[in-house]
Amino acid sequence: RKEVEQDPGPFNVPEGATVAFNCTYSNSASQSFFWYRQDCRKEPKLLMSVYSSGNEDGRFTAQLNRASQYISLLIRDSKLSDSATYLCVVKRGSTLGRLYFGRGTQLTVWP
Amino acid sequence: GAGVSQSPSNKVTEKGKDVELRCDPISGHTALYWYRQRLGQGLEFLIYFQGNSAPDKSGLPSDRFSAERTGESVSTLTIQRTQQEDSAVYLCASSLAGTSGGLSIYEQYFGPGTRLTVT
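So, here is what we can say about the structure in this document. (Residues numbered from 1 in each chain as written. Chains lettered and ligands numbered in written order. Predicted model: local features only at pLDDT ≥ 70, side-chain atom pairs only at ≥ 80, totals over all residues. Heavy atoms only, no water.)

This part is about the state of the cysteines. What makes a disulfide is a covalent bond joining the sulfur atoms belonging to two cysteines. With the rule as written, the count across this model stands at two disulfides over all chains. Two residues, Cys23(A) and Cys88(A), share a disulfide whose sulfurs are 1.9 Å apart. Disulfide Cys23(A)-Cys88(A): the torsion about the S-S bond is -70°, which places it as left-handed. Highlighted residues: Cys23(A) in strand E3 (residues 19-25) and Cys88(A) in strand E9 (residues 84-91), separated in sequence by 65 residues. The exposure classification of Cys23(A) matches that of Cys88(A), with both residues buried. Each sulfur in the disulfide pair Cys23(B) and Cys92(B) lies 1.9 Å from the other. (Disulfide = S-S within 2.5 Å. Helix = DSSP H or I, 4+ residues; strand = E, 2+ residues; numbered from the N terminus. Buried < 20%, exposed > 50% of the residue type's maximum accessible area, 1.4 Å probe, protein only.)

If you want it as structure tokens, here you go:
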């Protein structure tokens, strides 16, 4: 079983739509959680960390459910520039250490 | 400031040849990671260096893969006797270790990657 599983997508939504991505992780030792964004043929970049109480950054809201080992990302009022692949990422510690990546969910926002 | 840099950006090699990929981390970053991403796949961890500690090599797929790091600077990933299944983008990341103003600063910053094609 993969460490991190994501909705495969692709998601194709119109501008202004709300879209949600889901992710599950298999190792209960996971302590740090992130969403990364990866544009086509580019390196991944950190979008936001995910905290236990849930957190919001502008149009982006991340939720964590430790009991279900489930992470989500909600994007409101989608923009064309949100088109990218969104990677669910976990780390077993809270400090240094390797990251475990999901395969990513591709989002295309159309005008 | 300068981000993580990698060279070459693209490398085409014949099956059976050896290749060396280079990573220059962000200055002052003590931790350095190598990942690879095959077409349409997620990132796979290869190896992790932290200061003077023994590297975590648990992700290296075979003994054809090796990596070195000089102090807290440049790292080189070497693939010997390349195979077609080695074709991928090889990504390097670096991070600080510690906290700043109470916030964790362990974020990994990725370089642009080296696209390796084995023919």
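That covers the picture; the talk isn't over yet.
Turning next to unusual backbone geometry. Following Ser7(B), the chain continues into Pro8(B) via a peptide bond in cis, with omega recorded as -10°. Within the secondary structure, Pro8(B) sits in the loop between strand E1 (5-7) and strand E2 (10-13). Residues other than glycine seldom take positive phi values, yet Asp77(A) does so here, at roughly 50°. For Asp77(A), the position within the fold is in the loop between strand E8 (70-75) and E9. For Asp77(A), a relative accessible area of 37% translates into the label partly exposed.

Moving on, we get to the pattern of salt bridges. If you walk through the whole model with that rule in mind, you get nine salt bridges over all chains. Where Arg37(A) meets Asp39(A), a salt bridge forms, and the shortest distance between an N and an O atom there is 2.9 Å. Overall, the relative accessible area of 31% leaves Asp39(A) in the partly exposed class. In this structure, Glu44(B) and Arg38(B) form a salt bridge, with 3.9 Å as the shortest nitrogen-oxygen distance. Overlapping salt bridges, with partners in common, bring together Arg36(B), Arg38(B) and Glu44(B) in one network. (Salt bridge = Lys/Arg side-chain N within 4 Å of Asp/Glu carboxyl O.)

Time to look at the sheet that holds E8(A). All names here are of chain A. In spatial order, the strands read E1-E3-E8-E7-E6; together these five strands make up an open sheet with antiparallel pairing. Two strands bound the open sheet, and with one partner strand each, they are strand E1 (4-6) and strand E6 (55-57). Pairwise comparison of adjacent strand axes, ignoring direction, gives a mean angle of 20° for this sheet. The pairing of strand E7 (residues 60-65) with E8 spans six bridges and is antiparallel. Bridged to Ala 62 within E8 is Leu 73. (Pairing = 2+ DSSP bridges. Axes fitted to C-alpha atoms, helices over the stretch in contact; angles between N-to-C directions.)

Right, let's talk about the interface of chain A and chain B for a bit. Taken together, the 17 residues of chain A in the interface contact 24 residues of chain B. Of the roughly 1600 Å² buried where chain A meets chain B, counting both sides, 56% is carbon and sulfur surface. Summed over the shared surface of chain A and chain B, the result is six residue pairs in polar contact (both at pLDDT 80 or more). Listed by contribution, the elements that provide at least two residues to the side of chain A that touches chain B are strand E4 (32-38) and E9 of chain A. Tallied by class, the residues present in the side of chain A that touches chain B amount to seven nonpolar, five polar and five charged. (Contact = heavy atoms within 4.5 Å. Buried area = accessible area lost by both parts, 1.4 Å probe. Polar contact = N/O pair within 3.5 Å; in protein donor to acceptor, adjacent residues only side chain to side chain. Nonpolar A, V, L, I, M, F, W, Y, C, P; charged D, E, K, R; others polar.)

Take the side chain of Thr78(B) next. Considering the arrangement of structural elements, one finds Thr78(B) in strand E7 (residues 75-79). Among the residues examined, Thr78(B) registers a relative accessible area of 18% and is labelled buried.

Applying the stated criterion to the full structure yields twelve aromatic pairs over all chains. Ring geometry for Tyr25(A) versus Phe33(A): centroids 4.9 Å apart, planes at 45°, classification tilted. Each member of the pair, Tyr25(A) together with Phe33(A), is buried. Members of the aromatic cluster, joined through ring pairs, are Phe34(A), Tyr36(A), Phe101(A), Tyr33(B), Tyr35(B), Phe45(B), Tyr48(B) and Phe110(B). (Phe/Tyr/Trp six-rings, centres within 6.5 Å; stacked < 30°, edge-to-face > 60°.)

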